[in-house]
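# An overview of the molecular structure
What follows is the residue order along each chain.
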Protein chains: 4
Amino acid sequence: MLGIELERESEQPLKRQIYQKLKEQIMSGKLKSNDALPSTRELSKDLGISRNTVGEAYEMLIAEGFVINRQGSATRVAEGVYMEQSDLFALCKTSLPKRMLKAD
Amino acid sequence: MLGIELERESEQPLKRQIYQKLKEQIMSGKLKSNDALPSTRELSKDLGISRNTVGEAYEMLIAEGFVINRQGSATRVAEGVYMEQSDLFALCKTSLPKRMLKAD
Amino acid sequence: MLGIELERESEQPLKRQIYQKLKEQIMSGKLKSNDALPSTRELSKDLGISRNTVGEAYEMLIAEGFVINRQGSATRVAEGVYMEQSDLFALCKTSLPKRMLKAD
Amino acid sequence: MLGIELERESEQPLKRQIYQKLKEQIMSGKLKSNDALPSTRELSKDLGISRNTVGEAYEMLIAEGFVINRQGSATRVAEGVYMEQSDLFALCKTSLPKRMLKAD
DNA sequence: GTGGTCTAGACCACG
DNA sequence: GTGGTCTAGACCACA
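Residues numbered from 1 in each chain as written. Chains lettered and ligands numbered in written order. Predicted model: local features only at pLDDT ≥ 70, side-chain atom pairs only at ≥ 80, totals over all residues. Heavy atoms only, no water.

Within chain A, the regular secondary structure consists of four helices and two strands. Reading chain A from its N end, one meets helices and strands in the order α-α-α-β-β-α. Residue burial in chain A is summarised as follows: out of 104 residues, 42% are buried. Of the contacts made within chain A by residues no fewer than 6 positions apart, 53% connect residues no fewer than 24 positions apart. Per element, the accessible surface of chain A, about 6,300 Å² overall, is 45% carbon and sulfur. (Helix = DSSP H or I, 4+ residues; strand = E, 2+ residues; numbered from the N terminus. Buried < 20%, exposed > 50% of the residue type's maximum accessible area, 1.4 Å probe, protein only. Contact = heavy atoms within 4.5 Å. Areas by Shrake-Rupley, 256 points an atom, 1.4 Å probe, with all protein chains shown as cover.)

This is the structure we're talking about:
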């Protein structure tokens, strides 16, 4: 659905993996402001995990303001959380090890 | 002082160059929460530019919430703006063109 | 302006009176997050006292994080400092002497 | 154990009731800095509810900084979260309905 | 339909 | 012992 693949053997808890994948898609602009996330029921079924776990990942996104939810309606991407690609690359150059980046 | 080097010939205005360098150091964790930025007076002297230019760069950081300015005290790095290297790299992989990153 | 009345004969110093009144209005929600406080110039004129005194009251609020001061703009109410009336009353019931509260 | 009584019929979710009671005891000084909270296992057994629910209440306290926890050890009250009784009463006078307070 | 809450289990890593 | 995570159910209120 969203191209999310989980690794059961990872040290990262499942809820954190989901949180990260969604946050990436939001910050990179794949999920845009006001886009609806899949329902917890849908995504949990899709990933083959418990609905609670998806719910916890959504709570993390809510807590950090990436996502908004209202009673009885879908969880949606908040506004103003997109990061410019140019800023992102500049940031990479200073904070990622050189072996990860190609020469300019 | 902060390892900032400006390029006078760059297309990027000086204030944006300063803004980016500081933002990078903040997001990458070199400048940590509550660290004080140098005063505009100090930094402008250090870089050999106008204090106004530094002030404008600081305002950009304030406007985006990376930095906080309390009455009568130094401008300080806000909380919760540090980005985990793992998160950053994950974000790059999904949102930067492949030509910029080395293969895993 | 904010319904602040000072008592010159009180044991409480003026700056503490101002501090308390503003803190109350903030915690009770009369002043909401991001609301601007009046400028020190304005409020001091309004109350007929020195601008320094108002400034000191503001500093106390800043020091406790109730209020934020961003470069070149008004002093504003911080986020997350509002206290639900229900929470407040519950807190009173456990921590204030009974003689101060009416029976339920 | 901590004098917590839950109301199953309340509109307030159980986790919020627990959160509130603990927050009160912390802000009022009954639970002091570095005091250990009961373990989630203990408290859940004591209250006759699921350990998950207690854990969620603890998470809320952690998120707001009232409480701190480290791997494998007890959850403890954070520092600097106590509220002076005089400030509390002053706050009550402005933000609680008069019918709740006795005359001065 | 949606999310919010709750249960009664389980296994893990840390100390 | 502790908290952290996860499961597979359940019932609720809201729209």
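A separate point is the protein's contact with DNA strand F. Close to DNA strand F lie 20 residues; Leu14, Asn52 and Thr53 of chain A together with Arg41 and Arg51 of chain D are nearest. At a separation of 2.9 Å, a phosphate oxygen of DNA strand F approaches a polar backbone atom of Ser50 of chain A. The set of elements that each furnish at least two residues to the surface near DNA strand F consists of helix 1 (14-27) and helix 3 (51-63) of chain A together with helix 2 (40-47) and helix 3 (51-63) of chain D. With three residues, helix 3 of chain A is the largest single contributor of residues to the surface near DNA strand F. When its residues are assigned to classes, the surface near DNA strand F shows three nonpolar, 12 polar and five charged. (Near = heavy atom within 4 Å. Polar contact = N/O pair within 3.5 Å; in protein donor to acceptor, adjacent residues only side chain to side chain. Nonpolar A, V, L, I, M, F, W, Y, C, P; charged D, E, K, R; others polar.)

The next thing to look at is the protein's contact with DNA strand E. Near DNA strand E you find 20 residues, and of these Arg41, Arg51 and Asn69 of chain A together with Leu14 and Asn52 of chain D are the closest. Among the atoms of DNA strand E close to the protein, meaning within 4 Å, 58% are from sugar or phosphate groups. Contact between DNA strand E and Arg41 of chain A: a base nitrogen at 2.7 Å from a side-chain N or O atom of the residue. Contact distances for DNA strand E include 3.3 Å between a phosphate oxygen and a side-chain N or O atom of Arg8 of chain D.

All names here are of chain D. Between its terminal C-alpha atoms helix 1 (residues 14-27) stretches 20 Å, which fits the 20 Å expected from 14 residues at 1.5 Å a residue. Of all 14 residues making up helix 1, 11 are buried, and the element is well covered by its neighbours. Every buried residue of helix 1 is accounted for by Leu14, Gln17, Ile18, Tyr19, Gln20, Leu22, Lys23, Glu24, Gln25, Ile26 and Met27. Where helix 1 terminates, the next one or two residues include Gly29, which has phi positive at roughly 95°. (Expected span 1.5 Å × (residues − 1).)

On to unusual backbone geometry, then. Trans is the prevailing form of peptide bonds, just as negative phi is the prevailing case for residues other than glycine. Residues and elements named next belong to chain A. With a phi angle near 75°, Asn34 is a residue other than glycine that sits in the positive phi range. Tracing the backbone through its elements, the reader meets Asn34 in the loop between helix 1 and helix 2 (40-47). Taking relative accessible area as the criterion, Asn34 reaches 41% and is therefore assigned partly exposed.

Our next topic: the side chain of Thr53 of chain C. Its place among the elements puts Thr53 of chain C in helix 3 (residues 51-63). On the accessibility criterion, Thr53 of chain C (19% relative accessible area) is buried.

Next up on the list: the confidence of the model for chain A. On average, chain A scores 82 in pLDDT, and the residues at 70 or more come to 77%. For chain A, helix 4 (residues 85-95) of chain A is the element with the lowest average pLDDT, namely 64, and helix 2 of chain A is the one with the highest, namely 95. (pLDDT = per-residue confidence, 0-100.)

This part is about the pattern of salt bridges. Residues and elements named next belong to chain A. Per the counting criterion, the structure on display carries three salt bridges over all chains. A salt bridge links Glu56 to Lys15, with the shortest nitrogen-to-oxygen separation between them at 3.6 Å. Of this pair, Glu56 sits in helix 3 while Lys15 is found in helix 1, placing the two residues 41 residues apart along the sequence. (Salt bridge = Lys/Arg side-chain N within 4 Å of Asp/Glu carboxyl O.)

A few words now on the environment of Tyr82 of chain A. All names here are of chain A. Within the secondary structure, Tyr82 sits in the loop between strand 2 (76-77) and helix 4. With 52 residues separating them in the primary sequence, Tyr82 and Lys30 have C-alpha atoms 9.4 Å apart. Residues contacting Tyr82, with those up to four places away along its chain left out, are Ile26, Met27, Ser28 and Gly29.

Below, the discussion takes up helix 3 of chain D. All names here are of chain D. Taking 1.5 Å per residue, 13 residues should reach 18 Å; helix 3 reaches 18 Å between its end C-alpha atoms and fits that length. Listing the buried residues of helix 3 in full gives Thr53, Val54, Ala57, Tyr58 and Leu61. Seen end-on, helix 3 carries its buried residues on one side only, within an arc spanning 140°. When the buried face of helix 3 is taken as reference, the exposed residues oriented beyond 90 degrees from it are Asn52 and Ala63. (Arc of directions from axis to C-beta.)

Turning next to the environment of Leu43 of chain C. With respect to the helices and strands, Leu43 of chain C occurs in helix 2 (residues 40-47). Spatially, the C-alpha atom of Leu43 of chain C lies 9.7 Å from that of Ile4 of chain C, the residues being 39 residues apart in sequence.

With that settled, the discussion passes to the packing of helix 1 of chain D against helix 3 of chain D. Residue and element names in this part refer to chain D. Look at helix 1 against helix 3: their axes get within 8 Å of each other, and the N-to-C directions meet at 50°. When the axis of helix 1 is compared with that of helix 3, the two are oblique. Between helix 1 and helix 3 the crossing geometry is right-handed. Facing helix 1, whose interface residues are Leu14, Lys15, Arg16, Ile18, Tyr19, Leu22 and Lys23, helix 3 presents Thr53, Val54, Glu56, Ala57, Tyr58, Met60 and Leu61. Residues belonging to the contact of helix 1 with helix 3 are distributed by class as follows: nine nonpolar, one polar and four charged. (Axes fitted to C-alpha atoms, helices over the stretch in contact; angles between N-to-C directions. Parallel < 35°, antiparallel > 145°, perpendicular 65-115°, else oblique. Left-handed = near helix turned anticlockwise from the far one by under 90°.)

Residue and element names in this part refer to chain A. As for its placement among the helices and strands, Leu22 is situated in helix 1. Residues Leu22 and Ile4, 18 residues apart in the sequence, show an inter-C-alpha distance of 8.4 Å. Among residues more than four places away in sequence, those in contact with Leu22 are Leu2, Ile4, Leu31, Leu37, Tyr58 and Leu61.

Now for the packing of helix 2 of chain A against helix 3 of chain A. Residue and element names in this part refer to chain A. Relative to each other, helix 2 and helix 3 sit at 120°, their axes nearing to 8 Å. As judged from the angle between their axes, helix 2 and helix 3 are oblique. For the crossing formed where helix 2 meets helix 3, the hand is right-handed. Residues Thr40, Arg41, Leu43 and Ser44 of helix 2 lie in contact with helix 3, whose contacting residues are Arg51, Val54, Gly55 and Tyr58. Broken down by class, the residue content of the contact of helix 2 with helix 3 amounts to three nonpolar, three polar and two charged.

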